[in-house]
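Next come the chains, spelled out residue by residue.
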Amino acid sequence: MIKIQNLHASVEGKEILRGLDLEIKAGEIHAIMGPNGSGKSTLASVLAGREDYEITEGSVEFDGQDLLDMDTEERAREGLFLAFQYPVEIPGVSNINFLRTALNEKREYLGQEAMSAKDFMAMVREKSALVELDPKLASRSVNEGFSGGEKKRNEIFQMAMLEPKLAILDETDSGLDIDALRIVANGVNTLKSKDNATIVITHYQRLLDYIVPDYVHVLFDGKIVKTGPKELALELEEKGYDWIKEELAQ
Amino acid sequence: MSTDSNKGIKFTEQLQSTAINIDPDLKKRANDFLKDAELPTTRNEAWKYTRLAKLNKVAFVQNEDTSLSRSFEIDREACRITFVNGNLATNLSDLKLPEGVNIVRLRGNQHEQFKLKTNPEELFGAINLSYLSDGIYIHVSKKVKVDQPIEIIHVLKGSDVISNFKTIIKAEEFSQVNIIQGFFAEDGASSCFMNNSLEIDVMDNAILSLDKIQDENKEAFHISNEMIDQQKDSTFTINTHTLNGGLVRNNLNIRVLGTNCSTNLFGTYLLNGRQHVDNHTVVDHKVPHCESNELYKGVMNDQSTGVFNGKVFVREDAQKINAFQSNANILLSDTASINSKPELEIYADDVKCSHGSTTGQLDEEAIYYLQTRGISKTSARNLLIRAFVEEVLENIANENVRQFTESRLNDRFNWAL
Ligand SMILES: Nc1ncnc2c1ncn2[C@@H]1O[C@H](COP(=O)(O)OP(=O)(O)OP(=O)(O)O)[C@@H](O)[C@H]1O
Ligand SMILES: [Mg+2]
């Protein structure tokens, strides 16, 4: 699905990603954990195509294509999705309006016919029910006046609508109460198939009780420094990151 | 008198004076004024950001040919009257008026006497009186709620043609009416000039809404002088949407003369190329217990320039006034510019007033967010621009006018709807 090799990225002359390797196959769920400022969101942004970052070295292959060569919107149409740690508010642009534009631009790109208004609305109903998003929120301006939890649910709603191949969830669990967490996790699990994959960035093992990862990676100082089974998350939560730093020092 | 030949009014030299004589005293004063009038320069405060020198490069002519290659309409359900270069196009005008509405053509008028509000010592008002092509007086009878909108269409056609037109509207007590003014240019019209004048009386308890669509072309000149008097308990709403034009100046002057009035001014201007649009508005609260609400929004691309100058006066006796005024702008390029000056002059002490002006760019974070959902940069920008002007467009109560405006914006800018 995606193969990241020796990725180096800097912003404002400061190197944030320093030789990152990661490979993910279809059907897998990978968790990425790591201390604040280690580069988790940077990795997500670089994959999504944010222009602020300069890629100085390395390669990313997405479904056999050179991801770094594509525009942000092209990556999305090819099936990449990023659920933001901090989703922006866009006053005046309705969720539904923009999703219809997004879906139809994606379909046009893939050589498919535009979706009828009726099919689209049926899909909105189905997917908003999946994440228990109030249908009223679905038609309001994107994230405007949404609570923190509603914003996160709206990200998963959009993911459900766009049916990506690879979804990156950047701290989607932060700020969610336990019910919202279960709803979001349920959404992700329902959408999971043998053809798609998910990267879950989180600080808390709690989320991984609901979304069970195949692998847990530790991102530290711009590199993946440790990879293990799901039990690694528990260990990290109990012991913190110091023991990993010590291991690295040896 | 100045001998500087650049300043004199040269662009009217070829014009024939009008035979229309609706207010002889005023017309005489206008003629006297024009004898040694000069073109205002940017040193003149009222024209600080709008250069008129270009006008003197054209020798305008009058033209009575009213044939058009196509018809123009905004609200298909309206009662429509069409003027081409200021001349009535009979074949494009409805003869049947809604109940309670009476229309008098100023050309050939023998019966009606008018006391005009036009200032004959202001250049474009004076030119309008002196060279009037034609005009109409729309009268709405007492207690009549007119269901069918009245639509007055103006089309510019040909080269270097000027239209000097006056519209006079009187909405009598307890009447209600929606008037649409559409300003267009035929394909190929070059360097034409619409010198437009509007005078309105909104009488006690009347409700008048005016939808003004300016959709001429990038070479057209358009100057509007609009004078509105509101009597007590009346409501006046104007939507001014400038979709296309070369050099556009709207002078909108509203005097609120009676208590308990409501006044609404909404406008948009959406510019590209080298277009220039200047909105000067005045709301003059002379009496207590009134409210006014003004919102203008502009989007400027390329080398276009916008001007917003909004004045709200609250006179000494005008207590308990609520007056709001806001102007917001988005610049889409580094070379576009806006001069925005909202002004409140308050002489009363028990009032609620606010004003504000903002100018910014499109939110890059929002564009990126939309792109990550698969939306192209262009569509993302269009979605944001549309969202920005929607706050103004949603105030157009006439659904057909709103749809027309939105679809024209879609044609011109390819905005996703
Ligand atoms: N646009 C930027 N300009 C300057 N510095 C940046 C920018 N983006 C990220 N950084 C810096 O890069 C480093 C990594 O940030 P990043 O947001 O990727 O961390 P993170 O692992 O997601 O942290 P957290 O757990 O707090 O979300 C930080 O030191 C941050 O300050
Ligand atoms: Mg982060």
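Since the model is a prediction, treat every value here as computed from it, not as a measurement.

J.: Can you explain the site of ligand 1? Please cite residues and give values.
T.: Residue and element names in this part refer to chain A. Around ligand 1, the surrounding shell holds 16 residues, and the nearest of these are Ile16, Lys40, Ser41, Thr42 and His203. In the environment of ligand 1, an oxygen atom lies 2.5 Å from a nitrogen or oxygen atom belonging to the side chain of Thr42. If ligand 1 stood free it would expose 640 Å²; the protein chains cover 68% of that surface. Among the secondary structure elements, those contributing two or more residues to the shell around ligand 1 are strand 2 (14-24) and helix 1 (40-48).

J.: Describe the coordination of the magnesium ion (ligand 2), naming the residues involved and giving the relevant values.
T.: All names here are of chain A. Taken together, the protein ligands of the magnesium ion (ligand 2) are Ser41 (OG) and Gln85 (OE1), with distances of 2.0 to 2.3 Å. Here Gln85 lies in the loop between strand 6 (80-83) and strand 7 (90-94) and Ser41 lies in helix 1, a separation of 44 residues in the sequence. The class for Gln85 is buried, based on a relative accessible area of 16%.

J.: Let's hear about the domain arrangement of chain B: which residues, and what values?
T.: All names here are of chain B. Along its sequence, chain B is carved into domain 1 (24-258) and domain 2 (362-417). Its C-alpha centre places domain 1 at a distance of 30 Å from the equivalent point of domain 2. Facing 16 residues of domain 1, the contacting portion of domain 2 comprises 12 residues. Here domain 1 meets domain 2 over a buried area of about 1100 Å², counting both sides, of which 55% is carbon and sulfur. When the area that domain 1 buries against domain 2 is broken down by residue, the three leading residues are Ile74, His241 and Leu243, summing to 42%. Here domain 1 is connected to domain 2 by one salt bridge. Inspection of the domain 1/domain 2 interface yields five residue pairs in polar contact (both at pLDDT 80 or more). Broken down by element, the residue count for the side of domain 1 that touches domain 2 peaks at four residues, all from strand 11 (residues 235-244). Residues of the side of domain 1 that touches domain 2, tallied by class, amount to six nonpolar, four polar and six charged.

J.: Any details on the pattern of salt bridges? Residues and values, ideally.
T.: If you walk through the whole model with that rule in mind, you get 44 salt bridges over all chains. Two residues, Glu51 of chain A and Lys377 of chain B, come together in a salt bridge whose shortest N-O distance is 3.9 Å. In this pair, Glu51 of chain A sits in the loop between helix 1 and strand 4 (54-62) while Lys377 of chain B sits in helix 4 (residues 377-393), so the two residues belong to two different chains. Taking relative accessible area as the criterion, Lys377 of chain B reaches 33% and is therefore assigned partly exposed.

Reading the values: the criteria
- In this convention, every chain numbers its residues from 1, walking through the sequence in written order.
- In the order they appear in the text, chains get letters beginning with A and ligands get numbers beginning with 1.
- In view of the model being predicted, local features appear only for residues whose pLDDT reaches at least 70, and side-chain atom pairs are presented and counted only at 80 or more, with totals across whole chains, interfaces and linings using the full set of residues.
- Derived side-chain values reflect all non-hydrogen atoms in the structure, with water molecules and hydrogen atoms excluded from consideration.
- A single heavy atom is enough: if one lies within 4 Å of a molecule or strand, its residue is considered near that molecule or strand.
- The definition of a polar contact used here is a pair of N or O atoms within 3.5 Å, where within protein one atom must be able to donate a hydrogen and the other to accept one, and adjacent residues in sequence count solely through side-chain atom pairs.
- Exposure was quantified through the Shrake-Rupley algorithm and a 1.4 Å probe, taking into account, for residues, occlusion by the shown protein chains and nothing else.
- What counts as a helix is a DSSP run of H or I of at least four residues, what counts as a strand is a run of E of at least two, and both are numbered from the N terminus.
- Only N, O and S atoms count as donors, using a 2.8 Å cut-off from the metal and 3.2 Å for Na, K and Ca, and because water is excluded some sites may appear unfinished.
- Only protein chains enter the area calculation, which uses a 1.4 Å probe; residues under 20% of their type maximum are buried, those over 50% are exposed, and those in between are partly exposed.
- These domain limits were set by an automatic method or by a database of domain assignments.
- Note on contacts: a residue pair qualifies if any of its non-hydrogen atoms lie within 4.5 Å across the two residues.
- Joining two parts hides part of their accessible area as seen by a 1.4 Å probe, and the buried area is that hidden amount summed over both.
- For this analysis, a salt bridge means a side-chain nitrogen from Lys or Arg found within 4 Å of a carboxyl oxygen belonging to Asp or Glu.
- Under the scheme applied, nonpolar residues are Ala, Val, Leu, Ile, Met, Phe, Trp, Tyr, Cys and Pro; charged residues are Asp, Glu, Lys and Arg; polar residues are all the others, including Gly.

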